[in-house]
Amino acid sequence: MLSQSTIDIVKSTAPLIAEAGPSLTAHFYDRMFKHNPELKNVFNMTNQETGSQREALFNAVYGYAANIDNIEVLLPVVEKIAHKHTSLSISPDQYQIVGAHLLATIDELMSPGQEVLDAWAEAYGLLASVFINREEEIYQQKEQEVGGWRGTREFKVIEKIKESNVITSFVFAPVDGDAVIGYKPGQYIGIYLNSDKLEFQEIRQYSLSDAPNGKTYRISVKREDKGIASNYLHAHVNLGDTVQLAAPAGDFFITTEPNTPIALISAGVGLTPVLSMVESIQATHQAPIHWLHAADNTERHGFKARINELTKLSAQLNEYTWYREETDTNDFSGLMDLSQVENEIKWLETDFYLCGPVIFMQHVAKQLIALNVTEDRIHYECFGPHKVL
């Protein structure tokens, strides 16, 4: 437990953190990568260039300072980050590196004095121990389950399938031929890419896009215009190639009881965890399952044939599609407008699961709130650094 003086000092610095803004975390990352360049093989450097990782860290640091006297409110964020860290194989010694550079950044930018630095050192030490302990629990759980492992494991590409003009699926089987650990539909795996074509090791998390089968994993990757990893996968990873995978992780999965209606709302490649959910529950869920999906056009709509097949197989599954571009199909055109299906869904009795670009999820969440859906019924997953809707 933290001393009251430490809580008071750290909480009093929250306005200073807010005033510094993301420049604080920009300085932190620049400093850390200068002194520990090996961490460029762990962090997503594209997110560094766009500033999204720096913004996410700033929100986390400020959130911790502002809520240090009520750390329980941060536990959902801790869980989300802990799962991400296990997919990156983060180790306790790396927390020491981060802590040293965070304290040095506060000192260099704010010169708050030794008392404040000591308080932040104590506060960071507590937070680091929370993460380290939770991550060790996840590591051990994954290692001890049938088909599980710690760290990375070698897998071979046994299928590469084009699902749309921007999405390609990769199916991986373990090189050792043993079973693979199961997962909760909606979770992701970490993939480690190393090549002389890449400046750094690239680690990414991709949602699993199929139901668990104990033998293989499937991811379905959208080729992003400036995506280093996605372009490498599309262009250079082929049948028979091997990659290193971390065990499945993630805190985005269905927790709804089978007799409660579900609405799965996705856009673009955000359909991948949703597809895994539908493949897994469509035969057993007793209440309606509504799948609302948005895509640019039919050419970019991955798995369309499979979705139609699933809809025919399950009396509970209802599918609605919006295409941003005009379409001559019976689907909706333009941005997703929930009023167009207002009479199809029991809004106050349904749990909602969202996945897609942040701006899309914000657009949908705003409509859900206007329909009096409570926040506890809205669950979502961000691809990349987490943001609050």
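Up top is the structure.
What counts as what
- Residues numbered from 1 in each chain as written.
- Predicted model: local features only at pLDDT ≥ 70, side-chain atom pairs only at ≥ 80, totals over all residues.
- Heavy atoms only, no water.
- Helix = DSSP H or I, 4+ residues; strand = E, 2+ residues; numbered from the N terminus.
- Buried < 20%, exposed > 50% of the residue type's maximum accessible area, 1.4 Å probe, protein only.
- Areas by Shrake-Rupley, 256 points an atom, 1.4 Å probe, with all protein chains shown as cover.
- Lys, Arg positive; Asp, Glu negative; His and termini not counted.
- Charge placed at Lys NZ, Arg CZ, Asp CG, Glu CD.
- Contact = heavy atoms within 4.5 Å.
- Expected span 1.5 Å × (residues − 1).
- Pairing = 2+ DSSP bridges.
- Axes fitted to C-alpha atoms, helices over the stretch in contact; angles between N-to-C directions.
- Parallel < 35°, antiparallel > 145°, perpendicular 65-115°, else oblique.
- Left-handed = near helix turned anticlockwise from the far one by under 90°.
- Nonpolar A, V, L, I, M, F, W, Y, C, P; charged D, E, K, R; others polar.
- Core = buried A, V, L, I, M, F, W, Y, C linked by side-chain atoms within 4.5 Å.
- Phe/Tyr/Trp six-rings, centres within 6.5 Å; stacked < 30°, edge-to-face > 60°.
- Disulfide = S-S within 2.5 Å.

### Overview of the overall build of the protein
- In terms of regular secondary structure, the protein is built from 12 helices and 12 strands.
- When burial is assessed residue by residue, the protein has 49% of its 389 residues classed as buried.
- If you sum the accessible surface of the protein, you get close to 18,200 Å²; carbon and sulfur atoms cover 50% of it.
- Taken together, the 31 basic and 51 acidic charged side chains of the protein have centroids lying 6 Å from each other.

### Overview of helix α1 (residues 4–12)
- Buried residues of α1: T6, I7, I9 and V10, and no others.
- Residues of α1 that are buried make contact with α2 (14–20), α5 (52–66) and α8 (114–144).

### Comments concerning helix α3 (residues 23–35)
- End to end, α3 covers 18 Å across 13 residues, agreeing with the expected 18 Å (1.5 Å per residue, within 8%).
- Restricting attention to buried positions, one finds in α3 the residues L24, T25, A26, F28, Y29, M32 and F33.

### A short note on the environment of P288
- Locating P288 in the fold gives a position in the loop between α10 (271–281) and β8 (289–295).
- Residue classification places P288 among the partly exposed residues on the basis of a relative accessible area of 31%.
- In sequence terms P288 and P258 are 30 residues apart; their C-alpha atoms lie 9.4 Å from each other.
- Residues contacting P288, with those up to four places away along its chain left out, are P261, I262, Q316 and N318.

### Some words on the sheet that holds strand β3 (residues 188–193)
- A sheet is described by the order of its strands in space; here 6 strands give the open sequence β4-β3-β6-β1-β2-β5, paired in antiparallel fashion. Of all the strands in the sheet, the pair left with one neighbour each is β4 (202–207) and β5 (217–222). Ignoring strand direction, the axes of neighbouring strands in this sheet form an average angle of 40°.
- Alignment of strand β2 (residues 167–174) against β5, held across 6 bridges, turns out to be antiparallel. Its bridge partner being in β5, T168 is matched across the sheet by V221.

### Observations concerning the packing of α3 against helix α7 (residues 92–110)
- Running from N to C, α3 and α7 point in directions that differ by 125°, and their axes come no closer than 9 Å. Here α3 is positioned oblique relative to α7, judged by the angle of their axes. With respect to the hand of their crossing, α3 and α7 are arranged in right-handed fashion. Contacts between α3 and α7 involve S23, L24, H27, F28, R31, M32 and H35 from the former and I97, V98, H101, L102, A104, T105, E108, L109 and M110 from the latter.
- In terms of residue class, the contact of α3 with α7 is built from 9 nonpolar, 5 polar and 2 charged.

### Some points on the sheet that holds strand β12 (residues 378–381)
- With parallel pairing, 6 strands are arranged side by side in an open sheet as β10-β9-β8-β7-β11-β12. Every interior strand has two partners, whereas the edge strands, β10 (332–333) and β12, have only one.
- Here 7 bridges tie β8 to strand β9 (residues 317–323), and the two strands are oriented parallel to one another. The residue of β9 that forms the bridge with W291 is E319.
- Each of β8 and β9 is contacted by helix α11 (residues 304–313), which is oriented at about 150° to β9, the strand it contacts most.
- Running at roughly 160° to strand β11 (residues 351–355), helix α12 (residues 358–370) makes contact with β7 (262–267), β8, β11 and β12 of the sheet.

### Concerning the nonpolar core
- Ranked by internal contacts, the top residues of the largest apolar core, which has 41 residues, are V10, Y64, I68 and W120.
- Within the residue set of this core, elements represented by two or more residues are α1, α2, α3, α5, α6 (75–87), α7 and α8.
- Counting residues per element, this core draws most heavily on α8, at 11 residues.
- If sequence neighbours within four positions are ignored, Y64 has contacts with L2, I71, L74, W120, A123, Y124, L126 and L127.
- W149, Y206, Y232 and L245 belong to the second largest nonpolar core, which has 24 residues in total.

### Side note on the packing of aromatic side chains
- Enumeration over the complete set of coordinates arrives at 14 aromatic pairs.
- Summarising the aromatic geometry, the rings of W347 and F352 are spaced 5.8 Å apart at their centres and angled 5° between planes, so their arrangement reads as stacked. Neither residue differs from the other here; W347 and F352 are each classed as buried.

### Remarks on the environment of P174
- Residue position: P174 is located in strand β2.
- It is 30 Å that separates the C-alpha atoms of P174 and R300, two residues lying 126 residues apart in sequence.
- Residues within four places of P174 in sequence aside, it is in contact with R153, E154, F155, V180 and K215.

### Some details on the state of the cysteines
- Scanning the model with the defined rule gives 0 disulfides in all.
- C382 supplies the cysteine sulfur nearest to C355, a cysteine that is in no disulfide, at a spacing of 8.2 Å.
- In this structure C355 comes out as buried when scored by relative accessible area, which is 0%.

### Here we look at the packing of α7 against α8
- It is at 10 Å that the axes of α7 and α8 come closest, and there the two elements cross at 155°. One finds that α7 runs roughly antiparallel with respect to α8. Our pair here, α7 against α8, has a crossing hand that is right-handed. Residues P92, Y95, V98, G99, L102, L103, I106 and D107 of α7 form the contact with α8, whose own contacting residues are L117, W120, A121, Y124, A128, F131, I132 and E135.
- Counted by class, the contact of α7 with α8 contains 13 nonpolar, 1 polar and 2 charged residues.

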